[in-house]
Amino acid sequence: MNNIGFKYHQNVLVCITCAILLLCTAMTCDEPWTEKDYSKIHIINKSGEVVYVHYAGQGCNILTKPSNFISLGLDKLNKIAPNDTCVYEIINPDKSNFPNEYHQFIVFRQSTIDENGIDKLAENDIYDKLYIYNYSELSELDFKIFFPEE
């Protein structure tokens, strides 16, 4: 067999092997995720003023100091107007790599930020509310967190 014919057969074998491996990989994949694999957490602002919220979870099992987030600046936090809602999606425990994790929500009122400034909030770990829940606790709350609490 000449060199060109050998190379052709070698390339065909490589292509067939790759196709078989790709097919085997595709057959072992999990089902694609759907909306039922997620839960939506609603943070509802009933305070009468603007609040800023930071969420830490989905792999963040270490409880994080609020100063780590406020020092990033307000543009890194979610702003919620009075009587408005912010929605976070979390992966349900049966799909998560961290099924027993805690979800942490840190709330800062606009008035607290105005009175203290971001630097003082960060230096002294000042915040208005810190919510820490696991999935079961959030489920008991119907995935709704009210600020301030009702």
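Relevant structure appears above.
So, here is what we can say about the structure in this document. (Residues numbered from 1 in each chain as written. Predicted model: local features only at pLDDT ≥ 70, side-chain atom pairs only at ≥ 80, totals over all residues. Heavy atoms only, no water.)

A look at the overall build of the chain
Stated formally: Secondary structure follows DSSP: runs of H or I at least 4 residues long count as helices, runs of E at least 2 residues long count as strands, and numbering of each begins at the N terminus. For every residue, the accessible area (1.4 Å probe, protein chains only) is compared with the maximum for its type, and the residue is labelled buried under 20%, exposed over 50%, or partly exposed between those bounds. Any two residues whose heavy atoms approach within 4.5 Å are treated as being in contact. Accessible areas in this description were obtained via Shrake-Rupley with a 1.4 Å probe; residue shielding takes into account the shown protein chains only.
In terms of helices and strands, the chain carries four helices and seven strands. When its helices and strands are written in sequence order, the chain yields α-β-β-α-β-β-β-α-β-α-β. With 150 residues in all, the chain has 31% of them scored as buried. Here the contacts in the chain between residues at least 6 apart in sequence split such that 80% fall between residues at least 24 apart. Put simply, the chain shows about 9,700 Å² of open surface, and 54% of that area lies on carbon and sulfur atoms.

Topic: the side chain of Ser-47
Selection criterion: Any pair of N or O atoms that falls within 3.5 Å is considered a polar contact. Within protein, one atom must be able to donate a hydrogen and the other to accept it, and sequence-neighbouring residues count only if both atoms are side-chain atoms.
Structurally, the position occupied by Ser-47 is in the loop between β1 (38-45) and β2 (51-56). Judged by its relative accessible area of 18%, Ser-47 falls in the buried class. Within the structure, the side chain of Ser-47 is placed 2.9 Å from the backbone oxygen of Glu-49, a separation counted as a polar contact. Sequence-distant contacts of Ser-47, defined by excluding residues within four places in its chain, comprise Arg-109, Phe-147 and Pro-148.

Looking at the sheet that holds strand β6 (residues 129-134)
By way of backbone hydrogen bonds, the strands of a sheet pair with one another, either parallel or antiparallel. Rule in force here: When DSSP finds at least two bridges between two strands, those strands are taken to pair. Note on definitions: angles span 0 to 180 degrees between N-to-C directions of axes, and those axes are lines fitted to C-alpha atoms, for helices only across the stretch in contact.
Strand order in the open sheet formed by four strands is β3-β2-β5-β6, and the pairing between neighbours is antiparallel. Where the open sheet ends on each side, the last strands, each with one partner, are β3 (78-80) and β6. Sheet twist, expressed as the average angle between the axes of neighbouring strands with direction ignored, equals 25°. Judged from the six bridges that link them, β2 and strand β5 (residues 102-109) form a sheet pairing that is antiparallel. Its bridge partner lying in β5, Tyr-52 is registered against Phe-108. Those strands touched by helix α3 (residues 110-124) are β2 and β5, and its axis lies near 110° from that of β5.

Here's the deal with the pairing of β2
Side-chain positions along a regular strand alternate between the two faces of the sheet. Burial within β2 is extensive, with six of its six residues counted as buried. In this sheet, β3 lies alongside β2 in antiparallel orientation, the contact comprising three bridges. Residue pairing for β3: Tyr-52 is matched across the bridge by Lys-79.

Observations concerning the environment of Pro-148
Tracing the sequence through the fold places Pro-148 in the segment after β7 (144-147). For Pro-148, a relative accessible area of 32% corresponds to the partly exposed category. For the pair Pro-148 and Asn-45, spaced 103 residues apart in sequence, the C-alpha to C-alpha distance is 7.2 Å. With near-sequence residues (within four places) excluded, Pro-148 lies in contact with Lys-46, Ser-47, Arg-109 and Tyr-131.

Details of the packing of aromatic side chains
Here is the rule we go by: Aromatic contacts are taken between Phe, Tyr and Trp rings whose centres are within 6.5 Å, Trp giving its six-membered ring; a plane angle under 30 degrees counts as stacked, one over 60 as edge-to-face, and the others as tilted. Ring-over charges, as used throughout, are those where CZ of Arg or NZ of Lys falls within 6 Å of the ring centre and within 35 degrees of the ring normal.
According to the stated counting rule, one finds five aromatic pairs in the structure shown. Between Tyr-131 and Tyr-133, the ring centres sit 6.2 Å apart and the planes meet at 20°, which makes this aromatic pair stacked. The two residues Tyr-131 and Tyr-133 agree in class, both being buried. Members of the aromatic cluster, joined through ring pairs, are Tyr-55, Tyr-88 and Phe-105. Directly above the ring of Tyr-131 sits Lys-129, whose terminal nitrogen or CZ lies 5.4 Å from the centroid.

It is worth stressing that arrangement in space is one thing and function is another; only the former is reported here.
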